[in-house]
Amino acid sequence: GSFYPPDVADSGVDLAALVVVRVPDQAAATRAAERLLRSGAFGLITLDLGALAEIPIAHQGRLVTLAQAHDAAVVCLTDKTAESGSIGSMVSMRAEALRVRSQGGFELTLRVLKDKRRGPGFQKTLRARGPAGL
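The structure reproduced in this document is the subject of the present report. The model shown is predicted, which means the values in this text are computed figures rather than measured ones.

Below, the discussion takes up the overall build of the protein chain. Counting secondary structure elements, the protein chain contains three helices and five strands. When burial is assessed residue by residue, the protein chain has 24% of its 134 residues classed as buried. The contacts of the protein chain with a sequence gap of at least 6 include a subset with a gap of at least 24, amounting to 45%. Counting only carbon and sulfur atoms, one obtains 54% of the accessible surface of the protein chain, whose full area is about 9,400 Å².

Structure representation (structure tokens):
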């Protein structure tokens, strides 16, 4: 995987407050997210689903209901093009992240493709340095 704790800590994340769950497949990831949401102990759950991202609509519905009940957010990271479809109709916001290497670091752009609350079209670009060793 791409998770590297020293880089996360260098970015200001308190590793003592971070829970990382590794599972073998997307079904297990969805079940783990449901359990974490049910606990009410987490305000943010991130699922790294990769290129084959599919969550059945019934599971999406449970995740949405649990997130709303516990005032939490679920973020699904996928490896898809902007032209390909979302993981489902329950997704309230879809954004594309672009990274381009530039002198002294990277230029990062976030472009909102779908937003049920505000509408698509938002874009934000910033410059950042990469982690040590990049």
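From this point, the discussion proceeds with the structure in view.
Considering the arrangement of structural elements, one finds D115 in strand 4 (residues 105-115). The exposure class assigned to D115 is buried, which follows from its relative accessible area of 11%. Within the structure, D115 has its side chain in polar contact with the backbone nitrogen of R117 (distance 3.0 Å). Beyond its immediate sequence surroundings of up to four residues, D115 is in contact with S92, M93 and P120.

Two strands pair when backbone bridges link them, and strand 3 (residues 93-102) and strand 4 are joined in this way by ten bridges, in the antiparallel orientation. Bridged to M93 within strand 4 is D115. What sits between strand 3 and strand 4 in their antiparallel hairpin is a turn of two residues, with G104 showing a positive phi close to 85°.

The subject of this paragraph is the nonpolar core. Membership of the largest hydrophobic core comes to 14 residues, with the highest contact counts inside it found for L37, L47, L49 and I87. Secondary structure elements with two or more residues in this core: helix 2 (26-39), strand 1 (44-50) and helix 3 (57-69).

Bringing unusual backbone geometry into the picture now. Phi is positive for D71, which is not a glycine, with a value near 50°. Residue placement: D71 occurs in the loop between helix 3 and strand 2 (73-78). Since its relative accessible area comes to 70%, D71 is described here as exposed.

Right, let's talk about the side chain of Q26 for a bit. Structurally, Q26 can be placed in helix 2. Engagement of the side chain of Q26 in a polar contact is seen with the backbone nitrogen of E54, the distance being 3.0 Å. Not counting residues within four places of it along the chain, the set of residues in contact with Q26 comprises L49, L52, A53 and E54.

With that settled, the discussion passes to the sheet that holds strand 3. Taken together, three strands build an open sheet; the order of strands is 3-4-5 and the sheet is antiparallel. Of all strands in the sheet, those with a lone pairing partner are strand 3 and strand 5 (123-128), marking the two edges. The sheet shows a mean angle of 15° between the axes of neighbouring strands, taken without regard to direction. The pairing of strand 4 with strand 5 spans six bridges and is classified as antiparallel. Among the inter-strand pairings, E107 is bridged to a residue of strand 5, identified as R127.

What counts, and at which threshold
Residues numbered from 1 in each chain as written. Predicted model: local features only at pLDDT ≥ 70, side-chain atom pairs only at ≥ 80, totals over all residues. Heavy atoms only, no water. Helix = DSSP H or I, 4+ residues; strand = E, 2+ residues; numbered from the N terminus. Buried < 20%, exposed > 50% of the residue type's maximum accessible area, 1.4 Å probe, protein only. Contact = heavy atoms within 4.5 Å. Areas by Shrake-Rupley, 256 points an atom, 1.4 Å probe, with all protein chains shown as cover. Polar contact = N/O pair within 3.5 Å; in protein donor to acceptor, adjacent residues only side chain to side chain. Pairing = 2+ DSSP bridges. Core = buried A, V, L, I, M, F, W, Y, C linked by side-chain atoms within 4.5 Å. Axes fitted to C-alpha atoms, helices over the stretch in contact; angles between N-to-C directions.

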